[in-house]
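In case you want the letters, here they are:
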Amino acid sequence: MSGEHTGHDFFHVDRVSKTALEIAKKETGVDLFLIQAAALLHDLGDYKVNNTKKSEEEILKDACNDLKIPSDYSFKILEIILNMSYSKNIKSRQKLSLEGKIVQDADRLDSIGAIGIARAFAFGGSRKRELYNPEIKPKTYTSLEEYRNSENPTLNHFYEKLFFLKDLMNTETGKKMATKRDKVMKNFLSEFDAEWNGKS
Ligand code: ADP
Ligand code: NI
């Protein structure tokens, strides 16, 4: 994943792993190996970065085999990764283990706040999206395909996904962190709006 330029590089998975372990400190009876393994592998076969012919599941199974992860563990790891993404949760919320909920919170936290802003524009740029276009209004997506194929400007992504995340947190620690990061994005957007209108 090194050198990946849309915000899904090794540093992203490393942050997710660290944040997940931080969240885990406040939870009881969690399996830290499972959390770390799921966090580090979670974007390996993601549709945004997968440019092979292999499916996400195949990529993950191969990785677990290469890493000699015992099969009862790889089952739990795949169960988390294949169900945690935002797009797969649009139609209905997928069931996740406590470890999965923690990794999902950590992944979502990396989409918001200062780093989230940077990642959103990096991703938008990679897909040749406009920064902002006042004529194009935010959409409500009802399916995975519609969400994944959207070509809306990056600024819309804040209203189409990022501002929902704080209320979708699974853990109390995640919620606290998300509330702070949400404010960072709101401040950024109010500055953006003022500058767009030549007022700041
Ligand atoms: P998941 O991987 O959980 O399905 P996403 O597909 O929404 O979640 O993508 C994860 C990250 O990729 C987002 O948080 C954001 O940084 C970036 N991203 C995805 N879609 C967009 C978009 N339409 N505009 C800007 N950034 C996006
Ligand atoms: Ni991720």
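None of the values given here were measured: they were computed from a predicted structure.

The rules we used
Residues numbered from 1 in each chain as written. Chains lettered and ligands numbered in written order. Predicted model: local features only at pLDDT ≥ 70, side-chain atom pairs only at ≥ 80, totals over all residues. Heavy atoms only, no water. Donors = N, O, S within 2.8 Å, 3.2 Å for Na, K, Ca; no water. Tetrahedral: all angles 85-135°; square planar, octahedral: opposite > 155°, others 65-115°. Helix = DSSP H or I, 4+ residues; strand = E, 2+ residues; numbered from the N terminus. Buried < 20%, exposed > 50% of the residue type's maximum accessible area, 1.4 Å probe, protein only. Contact = heavy atoms within 4.5 Å. Polar contact = N/O pair within 3.5 Å; in protein donor to acceptor, adjacent residues only side chain to side chain. Salt bridge = Lys/Arg side-chain N within 4 Å of Asp/Glu carboxyl O. Near = heavy atom within 4 Å. Areas by Shrake-Rupley, 256 points an atom, 1.4 Å probe, with all protein chains shown as cover. Phe/Tyr/Trp six-rings, centres within 6.5 Å; stacked < 30°, edge-to-face > 60°.

Caption draft 1: Here's a closer look at the coordination of the nickel ion (ligand 2). The protein atoms donating to the nickel ion (ligand 2) are His12 (NE2), His42 (NE2), Asp43 (OD) and Asp107 (OD), with metal-donor distances spanning 2.1 to 2.4 Å. For the nickel ion (ligand 2), the 4 donor atoms in the first shell make angles of 85 to 172 degrees at the metal, a pattern classed as irregular. Spacing between the donor residues of the nickel ion (ligand 2) along their common chain follows H-x29-H-D-x63-D. Of this pair, Asp43 sits in the loop between α2 (32–41) and α3 (56–66) while Asp107 is found in helix α5 (residues 98–109), placing the two residues 64 residues apart along the sequence. Since its relative accessible area comes to 16%, Asp107 is described here as buried.

Caption draft 2: Representation of α2 in the model. Regarding α2, the residues found buried are Leu34, Ile35, Ala37, Ala38, Ala39 and Leu41. Lining the buried residues of α2 we find α1 (10–24), α3, α4 (71–81) and α5. With a side-chain oxygen lying 3.0 Å from the backbone nitrogen of Phe33, the N-terminal cap of α2 falls on Asp31.

Caption draft 3: How the structure looks around the pattern of salt bridges. For the coordinates displayed, the defined rule picks out 11 salt bridges. Linking Asp46 and Lys48 is a salt bridge whose minimum nitrogen-to-oxygen distance equals 2.8 Å. Members of the salt-bridge network, linked through shared partners, are Arg15, Asp110 and Arg119.

Caption draft 4: Inspection of the site of ligand 1 at higher detail. Around ligand 1 sit 15 residues, and of these Lys48, Tyr86, Ser111, Tyr147 and Lys161 come closest. Tyr147 is positioned with one of its side-chain polar atoms (N or O) 2.3 Å from an oxygen atom of ligand 1. Between a nitrogen atom of ligand 1 and a side-chain N or O atom of His157, the distance comes to 3.5 Å. Considered on its own, ligand 1 offers 540 Å² of accessible surface; in the complex 94% of this is hidden by protein.

Caption draft 5: View of unusual backbone geometry. You will see that Lys68, though not glycine, has its phi angle at about 55 degrees, which is positive. Its identity is not glycine, yet Lys128 carries a phi of approximately 60 degrees, on the positive side. Within the element layout of this structure, Lys128 appears in the loop between α6 (113–126) and α7 (144–149).

Caption draft 6: Inspection of the side chain of Thr6 at higher detail. Within the element layout of this structure, Thr6 appears in the segment before α1. The class of Thr6 is buried, set by a relative accessible area of 5%. Among the polar contacts listed, one links the side chain of Thr6 to the side chain of Glu4, at a separation of 2.6 Å. A distance of 3.0 Å separates a polar atom in the side chain of Thr6 from a polar atom in the side chain of His8. Among residues more than four places away in sequence, those in contact with Thr6 are Arg119, Phe123 and Ser126.

Caption draft 7: Molecular detail of the packing of aromatic side chains. Under the criterion given, the structure shown has 12 aromatic pairs. Geometrically, the ring pair formed by Tyr159 and Phe163 is tilted, given 5.5 Å between the ring centres and 55 degrees between the ring planes. What makes Tyr159 partly exposed here is its relative accessible area of 41%. Judged by its relative accessible area of 13%, Phe163 falls in the buried class. In textbook terms, an aromatic cluster arises when at least three aromatic residues are bridged by ring pairs, as seen for Phe121, Tyr132, Phe158, Tyr159, Phe163, Phe188, Phe192 and Trp196.

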